[in-house]
Amino acid sequence: MSRLFDDNFPNMSPVWSRLFTLEVESASGSWITAADGRRFLDFTCGIGVTNTGHCHPKVVAAIAAQAGKFIHAQANIVIHRPMLELIAELKAILPPTLDGFFFSSSGAEAVEGAIKLARAVTGRQSVVVFNGSFHGRTGQAMALTTSKAGYRGRSQLMPSGVHVSPYPYPLRLGMSPEASVRFALDSLDELFASQVAPTDVAAILIEPVLGEGGYVEAPTAFLAALRALCDRHGIMLVFDEIQSGFGRTGAWFSFDRAAVIPDILTLAKGIASGLPLSAVISKLDYMKKWPTGSHGGTFGGNAVAMAAGVATLRAMREEGMPANAAAMGERLRAGLCKLAGRHPALAEVRGPGLMVGTEFVVDGSPRNSKALVKAIIAECEARELLLLNCGTWDSTIRWIPPLNVSAKEIDRGLTVFGEALAAAKA
Ligand SMILES: Cc1ncc(COP(=O)(O)O)c(C=O)c1O
C-alpha cells in the first residue's frame, strides 16, 4: 500500500498534536504495520487503550458477532444483553460497594459524570484535584486538568470551584516518598484552612497513578489518608483509573494494590480494547441520588463497544494478563535501571506493572530535558519502536506495552532504547 498521508495533507485540524506521521495499514498484538511496509513495536497502545494487544482475536470476533445482531440499541429506550453482561463481568472484579454503573463513550465524559454525581450526592459544589492531573478536555474536565497549560489554551474562562493541591511526586518535590506524602497532606490541610472548608467539598478527585502528569504512583499512605479525610468530612473520594485501570498496573485496578476503595470510579481507555467506552461506577445508593435525566448521552453503552468490553475482560482473565503485566513490568524496570546506570540523564525509573515512566533530568532539572526526550523518541521511531512522552515539561518517556507483551518484545524494546539513548543528541 502506498501512503495517502503526507505532511501537507490539508484537511486534518492541527488542533491534534501529532508525535509520528506513520500511516497505519494494519496492526496485530504488539505490532503496527505501516502503509510503507515497515513494522513498528508499539509500546504506546494508542495511549493505554489496546491493552489486549491490537486486534485480539476474541475481541474482533465479539465485535463482528455483535455488529451482525444489532449495532445500536439506545440506553434510554431499551435494555440490551451486552450491557448486562459487561456489568456482570465488572462486578466480578470490583469491590461489592461499587455496584452502580453508568456508561458513556470517552474518559472526559465519565469524569464530567463523576463530578455531577458527587455534587448530586453531597449537595456541595467544590472539587479538589492534584498538580499534574489529567482528566480530559471538555469544559469541566479541562478545569480539573493541571498537567499542561496548553490543554487550556485560549479557553481560560472555566467552571469555578476547583482547588489544586500538590501530588506526592518525590522527584519533582526533591523529597523522599515519605516526606512527599507529609508535604502533600500538610498542603491539603492548609488548602482546607485557607481556601475552601472541607464541608464545602463535594469530591477529592485523584489519579492513583498520575498519567499524563508523569507516571507517578501515589503511595498507599497518601490514598489511605485521603480515604480517612473523605470519611471524616462526607466528601466523595473519586479515583480516575481511566489510564491505570484494567490490569495496567499488574492488578485489575491500581486501588486494589493500595486496598483503598473509592466512592466513585471512572474507567475508559483499556475497557474495550479500542472501541469508545467509558464508565462511572459507584454505590447504587449514591447513583439513586443522581436525578434521572440529569446526565446521559446518545452513544453511551453502545452495544458493540459493550460486547468488545465483555470479550476484553474475559480474554484478560483467561489469559492472565494482569499477572503478565506485573512480571513483564519487573523485567522492563530491571532493564531500564541497568540503562539508567550508564546514562546519568535518566534520573528515575518508576511506576507499577506496565505503567512505567523514565524521567530525564538535564542540568539539574526536568525543565531542561524536553529536547533530549524528543530526540530519544525520534531515535526509537527510526529503529521502529514507538514510545510516548508525558509530564508538564515532557521530561518523561512512558512505557505502555500491551498487557500480553512477550519477554522477547520487552527485550527488543530495551535494546532499541539503549541504542537510542546512545544516539540521541538534544
Ligand atoms: C486519567 C485520565 N483521565 C481522563 C482522560 C480523558 O479521557 P478521554 O481522552 O477519553 O476523554 C485521560 C486521557 O488520557 C486520562 O489519562
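See the structure above.
Here the structure is a predicted model, which means the values were calculated and not measured.

(A) Spotlight on the environment of leucine 117. Relative to the helices and strands, leucine 117 resides in helix H4 (residues 107–122). Accessibility expressed as a relative area gives 0% for leucine 117, which makes it buried. Aside from chain neighbours lying at most four places away, what touches leucine 117 is Ile264, Val280, Ser282, Tyr286, Met287 and Trp290.

(B) Representation of the pattern of salt bridges. Enumeration over the complete set of coordinates arrives at 19 salt bridges. The residue aspartate 36 makes a salt bridge to arginine 38 at a minimum N-O spacing of 3.9 Å. For aspartate 36, a relative accessible area of 47% translates into the label partly exposed. In this structure, glutamate 359 and arginine 172 form a salt bridge, with 3.4 Å as the shortest nitrogen-oxygen distance. On the criterion of sequence distance, the pair formed by glutamate 359 in strand S14 (residues 356–360) and arginine 172 in helix H6 (residues 170–173) is long-range, its members being 187 residues apart. According to the relative accessible area criterion, arginine 172 is partly exposed, its value standing at 25%. Shared partners join several salt bridges into a network, and the residues in it are Arg172, Glu348, Arg350 and Glu359.

(C) Highlighting the site of the ligand. Close to the ligand lie Ser106, Gly107, Ala108, Phe134, His135, Gly136, Glu207, Glu212, Asp240, Ile242, Gln243 and Lys269, which account for all nearby residues. One of the side-chain nitrogen or oxygen atoms of glutamine 243 is found 2.7 Å away from an oxygen atom of the ligand. In the model, an oxygen atom of the ligand is placed 3.1 Å from a nitrogen or oxygen of the lysine 269 side chain. Relative to its unbound accessible surface of 390 Å², the ligand loses 82% to contact with the protein. Split by residue class, the shell around the ligand holds three nonpolar, five polar and four charged.

(D) Local environment of the sheet that holds strand S3 (residues 39–42). Here four strands make up an open sheet; going across it, the order is S1-S2-S3-S15 and the pairing mixed. Sheet topology places strand S1 (24–28) and strand S15 (385–386) at the edges, where each strand pairs with a single neighbour. The sheet contact formed by S3 and S15 spans two bridges and is parallel. Bridge assignment links aspartate 42 to a residue of S15, and that residue is leucine 386.

(E) Here's a closer look at the nonpolar core. Core analysis: the biggest nonpolar cluster contains 96 residues, and Phe103, Phe192, Ile204, Ile376 and Phe417 have the highest contact counts within it. Here the element with the most residues in this core is helix H11 (residues 303–318); it accounts for eight residues. When neighbours within four sequence positions are excluded, isoleucine 376 is seen to be in contact with Phe360, Ile397, Phe417, Ala420, Leu421 and Ala424. By size, the runner-up hydrophobic cluster in this structure holds 25 residues, among which are Leu117, Ala203, Val238 and Ala268.

(F) Structural view of the packing of helix H7 (residues 177–194) against helix H8 (residues 220–233). Between H7 and H8, whose axes approach to 10 Å, the crossing angle comes to 25°. Viewed along their axes, H7 and H8 adopt a mutual orientation that is roughly parallel. Considering how the two elements wind past one another, H7 and H8 form a crossing that is right-handed. Residues Val181, Ala184, Leu185, Leu188 and Phe192 of H7 form the contact with H8, whose participating residues are Ala221, Phe222, Ala225, Leu226 and Leu229.

(G) Broad picture of the packing of aromatic side chains. Across all of its chains, the model carries 10 aromatic pairs by this definition. Here phenylalanine 43 and tryptophan 399 contribute two aromatic rings whose centre-to-centre distance is 6.2 Å and whose plane-to-plane angle is 55°, an arrangement assigned as tilted. Here tryptophan 399 lies in strand S17 (residues 396–399) and phenylalanine 43 lies in the loop between S3 and helix H1 (45–48), a separation of 356 residues in the sequence. Residue phenylalanine 43 shares its accessibility class with tryptophan 399, and that shared class is buried. By the ring-pair criterion, three or more aromatic residues cluster together here, those being Phe239, Phe246, Phe253 and Phe255.

(H) Layout of the packing of helix H13 (residues 370–382) against helix H14 (residues 407–423). Between H13 and H14, the least distance of the axes is 8 Å, while the angle of their chain directions is 130°. Looking at the two axes, H13 sits oblique to H14. Judged by the sense of rotation from one axis to the other, the crossing of H13 with H14 is right-handed. Of the residues in H14, those in contact with Ile376, Glu379 and Cys380 of H13 are Val416, Phe417, Ala420, Leu421 and Ala423. Of the residues that constitute the contact of H13 with H14, the class distribution is seven nonpolar, no polar and one charged.

(I) How the structure looks around the state of the cysteines. Tallied over the full model, the rule gives zero disulfides. Not engaged in a disulfide, the cysteine cysteine 390 finds its nearest cysteine sulfur in cysteine 380; these two sulfurs lie 14 Å apart.

Definitions and limits used
- Residues numbered from 1 in each chain as written.
- Predicted model: local features only at pLDDT ≥ 70, side-chain atom pairs only at ≥ 80, totals over all residues.
- Heavy atoms only, no water.
- Helix = DSSP H or I, 4+ residues; strand = E, 2+ residues; numbered from the N terminus.
- Buried < 20%, exposed > 50% of the residue type's maximum accessible area, 1.4 Å probe, protein only.
- Contact = heavy atoms within 4.5 Å.
- Salt bridge = Lys/Arg side-chain N within 4 Å of Asp/Glu carboxyl O.
- Near = heavy atom within 4 Å.
- Polar contact = N/O pair within 3.5 Å; in protein donor to acceptor, adjacent residues only side chain to side chain.
- Areas by Shrake-Rupley, 256 points an atom, 1.4 Å probe, with all protein chains shown as cover.
- Nonpolar A, V, L, I, M, F, W, Y, C, P; charged D, E, K, R; others polar.
- Pairing = 2+ DSSP bridges.
- Core = buried A, V, L, I, M, F, W, Y, C linked by side-chain atoms within 4.5 Å.
- Axes fitted to C-alpha atoms, helices over the stretch in contact; angles between N-to-C directions.
- Parallel < 35°, antiparallel > 145°, perpendicular 65-115°, else oblique.
- Left-handed = near helix turned anticlockwise from the far one by under 90°.
- Phe/Tyr/Trp six-rings, centres within 6.5 Å; stacked < 30°, edge-to-face > 60°.
- Disulfide = S-S within 2.5 Å.

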